[in-house]
Amino acid sequence: MVSGNVAYALQEDVVQKVEVAESPLKFCTVTLSDVVSRGKRLEASVFDVDAKHARAAVEHGKYPVKMVGGENGFADSYVCGRFKRIWLEKSDLPIYQPSSITDIYPTPDGYLSHKTQTDIDALRVHAGQVLMTCSGTIGKVSFVSKTLDNRIFSHDLLRIDCKVPYDAGYIYAYLKSATGNKILLTNSYGAVITHIEPEHLTTVPIPDAPVEIKKRINDLIVGSYELRDESNALIDEATSLLINELQLPDIHDFDVALYKKNVGVDTFSVKLSQMAGRVDASYHVPIVDAIVEHMKKYAAEVTTVGDSRVSKDVLLPPRFARVYVEEGYGSVLIGGKQINELDPSGKKYLSRTKHKKLMKKLEVAQNTILVTRSGTIGKVVLVPKHWEHWIPSDHIIRIVPVEKNIAGYLSVFLKSDYGHKLITHYTYGSVVDEIDDTHVSSIPFPLLKNKDIQRQINDLALEANEKRYEAYKMEQQALQIIDNDVIFAK
C-alpha cells in the first residue's frame, strides 16, 4: 500500500500543503444549430467565450442598448460593387486598399484609368464616415478626416454613415475598444465570423450613452484625427523643402541612361567594375544612379546612412524564440505590417522575464528610425514617444541617429520617393525579398548646403511626431471613457 511506503512516511511530516489558486474558468453555452453551422466542431476555440462575456457586459450595462446598424440603429452602412480595374503607371485617380485605412498617412496601391467601367465617385470616402475592413483582416476601423476625405478605396471596404454627426466618433471608439471589437468579430453565439456585411452591424449592440458623453468622445476622436492631419501637412512641408533644396524632379521624370529608349522594356548596360558581386538587374537600375548623381550636384555632400556623423548604429536584431504573455504582463511587440499605424493593431506581448537579457538590445527609443527589411521592404517610421521601450520584430532594422538634430531630416529623406528607391534597390532573394543592416548603412544620404533648411526639415519632422503622440493620447482618453463611463459604468 502507498500509505505504508517508508519514503512516503518520511515525507509526510515535512511536506506542507499549498493551495494554488486556479485560473478563472471560461465557459459559455452554444446552440446545436450553431455547432452544426460551424462544421459540427466542438472545440472551444471555435466559439469565443470572451466575446460572449463582452456582449453580456454591454447588454446588462448601465445604459439601454441599440444596434450599430439597421433602421433603428445609429448608422447606415454599405459596400460598393465589384469592378474590373484598368491600371495605369500614373494618373489623377489613385486608389487605396482597405488595409491602409489605419495608416497615419496612407499611400495609394496604384492608379486607375478613367476608362475603368465603374462609378468612381461612389468609391470615394467622405469626412465624418467610419471605415471598416470587412474581408481579409476584418474589423479594423478608421475615421475619415482631411487626410482620407474624397480618396478612392476599393469596393471591399465597409462605409458607415452615422445618422447624427457626433455619433461617428462614438461608434469609432466603441468598435475600436477591446469589448466592442470582440463583439464585432463574432455573432450572438460567440462564433468567430470571417466576413462582415452591412447586415452584420444590425446585430452588434452598443450602449446608448447620454448625448454629453457621446459628444465628449466624438470631440476627442475628431481632435485626434485633426492632429494626424496636421502632422501629415508638416511632413508634406518638410518633403517639399527637401525637394526644392535639391531641385529634385518628379521620380517619374528622371532622365535615366537607358541603352535603348524606344523598346518595350528598359534596357541598360553595366560595367564589370560596377557589378559589386550582383548580377540581378534590380540592383543596377539606372534610376538609382540618376538620383545619386543629381544629389551630388545640389547637395553639399552625399555620404551614407552609416556615416558616424549621421548614425550611431544600424542594427539588425537577432532572431530568438519568443515567449508571449497576456497584455499588461510584457513588452509590446509590433511587426512590419503595423509600423505605419499610430496605435499598431495586432500587438503581441513578450515576457520581460524570459527575455530579460535581450530587452536592452530589442527595445527602441524615441527618434529611432525603423525600416522594414523583408516582405514589403522600405517602410520607414520615426519612433514616436509612446513607442518608447516597445520591441519591433526582427524583420525591422533600427537606425539610431547620432543626435536628435538629424533624426527628423534623415527620416524625411528615407520616406521620400527618392529614399525609397535607394533602399529597395538592395533587395535580394528569390522567394522572400530581404535587405540587411549593411545595405541600410550603405544607402546614399545627402547633407544640404543650406544648413538652415536642413534644420527646418528636421524640426518639422519632430513636430509632426509630437502631434502624433498627442493624437495617440487623445484617442486613448476616448477609449478610457468608453470603458469606464459607458461599457462598465456603474
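Residues numbered from 1 in each chain as written. Predicted model: local features only at pLDDT ≥ 70, side-chain atom pairs only at ≥ 80, totals over all residues. Heavy atoms only, no water.

*Asks:* Break down the sheet that holds strand E16 (residues 380-382) for me, citing the residues and quoting the values.
*Replies:* Sheets are built from strands that pair by backbone hydrogen bonding, the pairs being arranged parallel or antiparallel. Here we have 4 strands laid out as an open sheet, ordered E12-E18-E15-E16, and antiparallel in their pairing. Pairing within the sheet leaves two strands with one partner each, and these edge strands are strand E12 (311-315) and E16. Mean inter-strand twist for the sheet, computed between neighbouring axes without regard to direction, equals 15°. Here 3 bridges tie strand E15 (residues 369-372) to E16, and the two strands are oriented antiparallel to one another. Bridge pairing links Val 371 to Val 380 in E16. Its contacts with the sheet put helix H9 (residues 404-415) on E15, E16 and strand E18 (396-401), and the angle it makes with E16 is roughly 160°. (Pairing = 2+ DSSP bridges. Helix = DSSP H or I, 4+ residues; strand = E, 2+ residues; numbered from the N terminus. Axes fitted to C-alpha atoms, helices over the stretch in contact; angles between N-to-C directions. Contact = heavy atoms within 4.5 Å.)

*Asks:* Tell me about empty space enclosed by the protein, and name the residues and values.
*Replies:* Going through the model one piece at a time under the given rule, you end up with 1 cavity of 30 Å³ or more. Size it by volume and the largest cavity reaches roughly 60 Å³. As for the largest cavity, its lining consists of Ile 104, Ile 339, Glu 341, Leu 342, Val 381, Leu 382, Pro 384, His 386, Trp 387, Asn 465 and Arg 468. (1 Å grid on protein atoms, 1.4 Å probe; cavity = no way out; pocket = protein on both sides within 12 Å on 5 of 7 lines; lining within 4 Å. Points joined across faces, edges and corners; volume = space filled by probe spheres on them.)

*Asks:* Describe the pairing of strand E19 (residues 444-447), listing the residues and the values that go with them.
*Replies:* Sheet faces and side chains relate simply in a regular strand, where the side chains alternate between the two faces. Here E19 shows two buried faces, one formed by Pro 444 and Pro 446 and the other by Phe 445 and Leu 447. Where strand E11 (residues 301-304) lies against E19, 4 bridges are found, and the strand directions are antiparallel. Opposite Glu 301, over in E19, you have Leu 447 as the bridge partner. (Buried < 20%, exposed > 50% of the residue type's maximum accessible area, 1.4 Å probe, protein only.)

*Asks:* Give a description of the environment of His 155 that names residues and reports values.
*Replies:* With respect to the secondary-structure elements, His 155 resides in the loop between strand E8 (152-153) and strand E9 (157-162). Judged by relative accessible area, His 155 falls into the buried class, the value being 11%. The spatial distance from the C-alpha of His 155 to the C-alpha of Glu 326 is 36 Å, given a sequence separation of 171 residues. At 3.4 Å, the side chain of His 155 forms a polar contact with the side chain of Arg 82. (Polar contact = N/O pair within 3.5 Å; in protein donor to acceptor, adjacent residues only side chain to side chain.)

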